[in-house]
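Reading the structure
Read off the chains here:
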Amino acid sequence: MNIEIPNLTAFDEAALDSAFVQLERQARAAAAALDNEAAVDGFKLQWLGRKQGLLNEISGRWLKAAPGEAKKLLGVRFNALKAVVETLLDEALGAGPTDAALAREAIDITLPGTRRLMGAEHPITRTLNEIVSVFAALGYSVGVGPEVETDYYNFESMNFPPGHPARDTQDTLVVAGQERRPQRDRLLMRTHTSPVQMRTMESQPPPVRIVIPGKVHRNDAADATHSPIFHQVEGLCVDTNITFSDLKGTLDHAMKVLFGSAVKTRFFPSFFPFTEPSADVQISCIFCGGKGCRKCKNSGWIELLGCGMVDPAVFAFAAEKQPAYDPKKISGFAFGMGVERIAMMKYGISEIGSLFAGDMRFLGQFA
Amino acid sequence: MKILTKWLRAYLPGLPVDDARLAEDLTLRGIAVEGIYDLGSGNGSGNGSLFEMDITTNRVDAMNHYGVAREAAAIYGLALPVLDFALPEFRPTAKPFSVRIEAEDACGRFTARVLRGVTIGPSRDWFAGAEVATYFGLLEQKQISNAVDATNFAWIAMGQPTHVFDLDKIEGGIVVRRARKGERVKTLDGVERTLDPEDLIIADHLKPLGLAGVMGGWDSMITTETKNVLVEAAWFDPVAVRRTARRHGLHTDASHRFERGADFNAGHVASALVSSILLANGGWIEGDLVDARVPALEARTANRKPVELKLSEVRRILGATVDAEGITAATVEGVLIALGCGLATCGGAALDNAAWLVTLPSWRLDLEREIDLIEEVARVYGYNRFANTLPAFGEGVRALPWAAQESEVRRTLLAAGFHEAIGSTFCSAAEAALTAPQPGLAVPLGNPLSEEAGVLRPSPVAGMLAMIAGNLHRDVSDVRLFELGTVFSGTTEKVDERPALSFGAVGTLPEQGALHAARAIEFHDVKGVVEQVVGRFHARAVLFDHFPAEAGLTPEWLHPYRAARVVVDGMTAGWFGQLHPRVAAERKLKDPVLLGELYLDRLYKLPLRQPIAREISRFQPVRRDFSLVLDVSITWEKIDQAVAGLRIPELVEWRAREVFRDAKLGAGEYALLLGATFQAADRTLREEELQEFQSRVVEAVGKVGARLRS
Ligand SMILES: [Zn+2]
């Protein structure tokens with residue numbers, strides 16, 4: 001912008017006023033037009049430049065010409081103008097580019113964001129971890145055991161004697177070539193996580209509080225709700241004075257943490273060879289709140305886990321290696337739940353097979 | 001199993017609840033009613049309801065009408081009438097029918113009743129109420145003939161298997177014995193069977209008649225010609241029946257009951273019931289009931305030693321009830337007596353010292369010990385009447401030793417955009433041979449789900465490959481998966497289990513969109529993930545190497561020139577790379593598949609890396625790029641080692657910034673832009689220093705064959 005330096009003929013106050021007001025007006029107009037960084041640089045150079053800057057020129061021109069008595073007033077006015085220019089410059093620098101300049105940089109913000117793909121934890125892992133953490137908060141440690149077990153740990157020590165019909169309820173996948181071996185040493189795919197109860201008790205005297213997450217296998221035909229591969233979480237609590245009401249309270253608490261505090265539990269007599277008394281546990285339907293719906297077959301209840309007081313026969317097996325498991329002195333409870341069933345319920349999964357197919361479209365939903 | 005409430009109410013006319021409530025009360029006491037079907041005429045009158053039952057296998061005694069009625073009587077405190085069927089006087093006989101139990105280990109009791117002059121035909125009205133026709137009608141049980149209906153009726157009423165023989169086909173008398181080698185019998189299903197010397201059979205003096213407790217024989221069955229019959233009601237040992245049934249692949253109502261324990265004392269009652277139905281069509285009884293018993297087996301069933309039960313033990317196991325009074329001596333006595341136990345007090349006078357000697361009912365072979373009685377008390381009292389209490393805390397909580405490591409591996413792969421999958425534990429023998437880290441250690445199953453699942457997976461790669469192929473065949477072209485699972489190796493005598501990681505990727509990188517072109521995922525993308533996973537662990541040295549094709553050390557499933565071994569502190573920690581094109585072609589996979597396995601048992605031996613912060617220099621870093629030309633035989637590793645070998649402390653970082661081929665270069669050459677950053681912790685670097693560093697870098701890479709591009 002072209003700046004005109006007024007021609008100063010007199011150095012009285014009115015003449016100085018007029019000249020400086022004119023200069024200040026021009027400075028303000030120039031500053032207002034600054035719309036980019038280059039222009040701001042130009043403004044700075046034009047007004048404050050050391051050699052060719054306007055202020056330099058003004059001071060050179062006028063101060064030389066001014067009579068001695070006017071020099072002081074001129075100096076004051078000059079410094080005021082310099083301050084105004086510096087302020088304008090500061091403002092221009094602080095304000096950054098103008099709206100017009102910014103408008104030229106517009107983009108289409110409605111285009112979808114470029115997403116970094118996040119991997120999804122498997123719904124079974126997620127459910128297992130949730131269950132385990134509920135019991136960890138109740139003082140349970142985590143234990144694991146082998147997926148290939150001996151007949152002794154999977155059946156015999158869990159009080160399924162050889163030839164007992166209860167073995168038929170758990171169709172077993174067996175390792176080849178076991179026929180000639182003693183029954184107790186025969187290798188099989190564990191049909192439940194319960195053998196880890198015995199392995200844990202053999203390795204430590206009471207008290208025991210342990211949860212056991214794990215993969216198990218059965219020789220079952222696959223359908224919408226059955227898979228030959230599935231997961232369980234087993235729990236075991238052994239101490240002096242552990243009662244059936246402790247079992248009830250523990251599972252009631254755990255179900256409330258997992259499914260919401262409004263959930264109710266209901267215990268039914270059941271049968272498992274390794275617990276007595278044994279119970280099946282139902283929770284009030286999490287879909288209808290107990291009023292009855294398709295998911296709960298209109299009963300208002302959903303069966304979720306099996307449990308019971310550890311059978312004295314199981315303690316007797318443990319006592320072979322750890323005599324402290326004397327069923328007259330200690331007692332305990334055990335429980336087990338199917339993880340797939342809980343995950344399917346929580347996440348609305350209708351086909352159990354989809355959990356093991358590795359389909360990206362299915363798994364991606366859990367990211 | 002189906003139960004008619006009309007029938008239950010015939011035993012318990014005083015049942016105080018409607019059918020729906022009865023179903024719920026039974027269910028809450030372990031006699032589960034799964035379905036209720038109204039048979040018309042409203043509740044409590046007329047036809048009542050049909051209950052579809054689901055009763056656990058330990059409670060065979062309750063899988064019949066009388067057994068369920070007993071449970072209901074215990075719940076509501078009703079008296080259950082004793083089953084008794086009056087028969088006409090028998091006509092005396094000079095020669096009682098001969099029954100001999102030879103297999104005294106397996107047959108505890110055998111009752112036989114001879115009926116003569118009977119007429120085989122449709123069942124006649126029996127008693128005033130014509131129960132057979134009514135109940136069978138409601139149960140939709142077909143009426144066949146009075147002989148068949150009679151045994152069916154006894155079965156449905158009281159769960160006692162019985163059998164009716166054509167008496168005239170029996171030669172001599174009955175012998176309960178083991179079969180002899182080579183003996184044959186044709187069973188009621190028309191199958192001619194060769195018997196095993198272990199089979200428990202019913203025979204006459206000359207030949208086998210049937211499989212004891214499993215199925216009767218064809219030749220001695222009742223026909224319309226039959227005039228004289230023998231009614232059998234017996235008690236057989238569970239194991240003997242189970243073995244016989246299994247050997248012949250038979251599962252019948254009778255074998256089901258005997259395998260789980262029948263009532264030693266029910267035989268003569270059932271025999272009377274069957275006889276009375278048959279005699280309704282005419283005929284008479286010849287001689288008194290023949291009742292052969294084996295005292296040793298009677299002592300194990302009907303005459304068991306009483307069990308001691310203490311109230312204090314009941315309370316120790318069961319704990320607190322909602323009702324402040326808790327379980328009392330009266331509760332215990334009420335429940336057990338209603339279930340058919342005999343109670344003799346043996347404890348002290350104080351209520352809390354109450355104790356009993358409990359005589360066990362012959363039909364409850366599942367009751368043997370004090371704990372079994374405690375369970376009965378809890379069951380009938382009602383599980384939901386117990387309080388919800390929490391045990392006191394025990395010792396400290398221990399996590400799995402490798403829980404933190406596994407969780408870090410998972411976290412790293414999730415952050416790299418891989419979805420977690422769970423694959424099959426099994427694979428085919430061919431897949432095992434292809435993917436096993438060591439040959440010959442795959443463990444076969446004895447009864448696999450299918451041939452494709454014939455062995456325990458020695459590597460998770462087979463499953464990963466199957467899941468990748470599954471996606472591609474479903475037209476899902478971008479795949480990134482990993483699995484954390486167990487792998488198996490060893491022999492059929494001893495199986496080792498190890499944790500393993502598999503991962504696989506196909507297609508394009510996810511960071512694409514309208515503004516960025518898609519880029520195919522390639523080897524180095526996967527290598528980066530492996531580096532990050534391994535980088536979670538505190539290792540002294542991590543390197544990647546490969547072997548010449550002829551060494552035969554690269555896994556067969558990998559492309560021999562696009563595969564790397566992961567070496568951590570000198571241990572092989574895994575392999576990864578591009579799927580071998582031959583394997584890909586066999587599976588009809590067109591896009592290059594990148595996949596690998598890490599041996600987590602080896603990585604888990606290392607602690608997780610503990611981050612340690614370093615002082616960040618205040619002084620200006622200086623970047624210098626070197627444009628190099630190299631022969632294709634010179635790998636990055638050589639340049640990297642040459643630069644590292646300089647050990648210039650101020651050379652804080654260097655990397656390959658760009659690798660490219662250029663028409664202006666000679667054949668067999670490529671260009672590499674090496675970027676280096678110099679920085680001192682204590683000063684600003686001077687130009688002369690930088691000049692010196694640069695010439696040392698140029699000299700070092702020159703020694704391994706790189707020249708500066710002019
Ligand atoms: Zn519902």
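Residues numbered from 1 in each chain as written. Chains lettered and ligands numbered in written order. Predicted model: local features only at pLDDT ≥ 70, side-chain atom pairs only at ≥ 80, totals over all residues. Heavy atoms only, no water.

**Quick word on the side chain of Arg260(B)**
Counted only if it meets this: Counting from the N terminus, the helices are DSSP H or I runs at least four residues long and the strands are E runs at least two residues long. Definition of a polar contact: a pair of N or O atoms within 3.5 Å, with one able to donate and the other able to accept a hydrogen when the atoms are protein atoms, and with sequence-neighbouring residues admitted only if both atoms are side-chain atoms.
Mapped onto the elements, Arg260(B) comes out in helix 7 (residues 253–260). A polar side-chain atom of Arg260(B) sits 3.2 Å from the main-chain carbonyl oxygen of His256(B).

**Digging into the sheet that holds strand 5 (residues 229–239) of chain A**
Sheet strands pair by backbone hydrogen bonding; their relative direction is either parallel or antiparallel. All names here are of chain A. Put simply, the test is: In this scheme, strands are said to pair when DSSP sees at least two bridges between them.
On the basis of which strands lie adjacent, the open sheet formed by seven strands has the order 1-4-5-9-8-7-6 and mixed pairing. Single-partner strands in this sheet number two, and they are strand 1 (141–142) and strand 6 (265–272). Two elements, strand 8 (residues 301–310) and strand 9 (residues 331–338), share five bridges in a ladder whose sense is antiparallel. Note on strand 9: the bridge partner recorded for methionine 309 is phenylalanine 333.

**Describing the packing of aromatic side chains**
The criterion, for reference: Classification of ring pairs rests on two measures: the distance between centres of Phe, Tyr or Trp rings, Trp counted by its six-membered ring, which must be within 6.5 Å, and the angle between planes, read as stacked under 30 degrees, edge-to-face over 60 and tilted in between. Buried means the residue's accessible area, taken with a 1.4 Å probe over protein chains only, is under 20% of the maximum for its type, while exposed means over 50%, and partly exposed covers the values in between.
Taken as a whole, this structure holds 29 aromatic pairs over all chains when the rule is applied. Between Tyr152(A) and Phe317(A), the ring centres sit 5.8 Å apart and the planes meet at 80 degrees, which makes this aromatic pair edge-to-face. One end of the pair, Tyr152(A), is in helix 7 (residues 151–154); the other, Phe317(A), is in helix 10 (residues 312–319), with 165 residues separating them in the sequence. As far as the burial class goes, Tyr152(A) and Phe317(A) line up, both buried. Between Phe678(B) and Phe693(B) the ring centres are 5.4 Å apart and the planes differ by 15 degrees, which places this aromatic pair in the stacked class. Separated by 15 residues along the polypeptide, Phe678(B) in strand 29 (residues 669–678) and Phe693(B) in helix 20 (residues 687–703) bring together distant segments of the chain. No difference in accessibility class separates Phe678(B) from Phe693(B), as the two residues are buried.

**Details of the interface of chain A and chain B**
Put simply, the rule reads: Contacts are assigned to residue pairs with any non-hydrogen atoms lying within 4.5 Å of each other. Defined in terms of a 1.4 Å probe, buried area is the accessible area two parts forfeit on being brought together, summed over both. The term salt bridge refers to a pairing of a side-chain nitrogen on Lys or Arg with a carboxyl oxygen on Asp or Glu at a separation within 4 Å.
The partner chain B presents 86 residues to the 88 residues of chain A that form the contact. Carbon and sulfur atoms supply 56% of the area buried between chain A and chain B, which totals about 7000 Å² over both sides. If you sort the residues of chain A by the area they bury against chain B, Leu117(A), Pro269(A) and Met360(A) come out on top, with a joint share of 10%. Between chain A and chain B we count seven salt bridges in total. Note that Glu24(B) and Arg266(A) form a salt bridge whose closest N and O atoms lie 3.7 Å from each other. Across the chain A-chain B interface, the total number found is 37 residue pairs in polar contact (both at pLDDT 80 or more). Among the elements that line the side of chain A that touches chain B, the one with the most residues is helix 9 (residues 244–259) of chain A, at seven residues.

**A look at the domain arrangement of chain A**
By a widely used convention, the size of an interface equals the accessible area lost when the partners come together. Where we set the bar: Source of the domain bounds: an automatic or database domain assignment.
Per the domain assignment, the segments of chain A are domain 1 (13–103) and domain 2 (123–366). If you average the C-alpha positions of domain 1 of chain A and of domain 2 of chain A, the two centres end up 85 Å apart.

**A look at unusual backbone geometry**
A cis amide bond links Pro206(A) with the next residue in sequence, Pro207(A), at an omega value of 5 degrees. Topologically, Pro207(A) is positioned in the loop between helix 8 (195–203) and strand 4 (208–217). Of note, the amide linkage connecting Glu276(A) to Pro277(A) takes the cis form, showing an omega dihedral of -5 degrees. Note on placement: Pro277(A) falls in strand 7 (residues 275–284). We note that Glu140(B) has phi near 55 degrees; this positive angle belongs to a residue other than glycine.

**Notes on empty space enclosed by the protein**
Selection criterion: Cavity and pocket criteria rest on a 1 Å grid covering protein atoms alone: a 1.4 Å probe that fits but cannot get out defines a cavity, protein on both sides within 12 Å along at least 5 of 7 lines defines an open pocket, and an atom within 4 Å of a point defines a lining residue. Grid points are joined across faces, edges and corners, and a volume is the space filled by probe spheres set on the points. Following the grouping adopted for this structure description, the nonpolar residues are Ala, Val, Leu, Ile, Met, Phe, Trp, Tyr, Cys and Pro, the charged ones are Asp, Glu, Lys and Arg, and the polar ones are all others, Gly among them.
On inspection of all chains with the given rule, the structure shows one cavity of 30 Å³ or more. Its residues assigned to classes, the lining of the largest cavity comprises three nonpolar, three polar and one charged.

**Points about the coordination of the zinc ion**
Residue and element names in this part refer to chain A. To keep things clear, this is the line we draw: Only N, O and S atoms count as donors, using a 2.8 Å limit from the metal and a wider 3.2 Å limit for Na, K and Ca, and since water is excluded some coordination spheres may look unfilled. Note on geometry labels: four donors, all angles 85 to 135 degrees, give tetrahedral; four donors become square planar and six octahedral when opposite donors are over 155 degrees apart and every other angle is between 65 and 115; remaining cases are irregular.
For the zinc ion, the full set of protein donor atoms is Cys285 (SG), Cys288 (SG), Cys293 (SG) and Cys296 (SG), and the range of their distances to it is 2.2 to 2.3 Å. Between the four donor atoms coordinating the zinc ion, the angles at the centre fall across 102 to 112 degrees, so the site counts as tetrahedral. Sequence spacing of the donor residues for the zinc ion, all on one chain, is C-x2-C-x4-C-x2-C.

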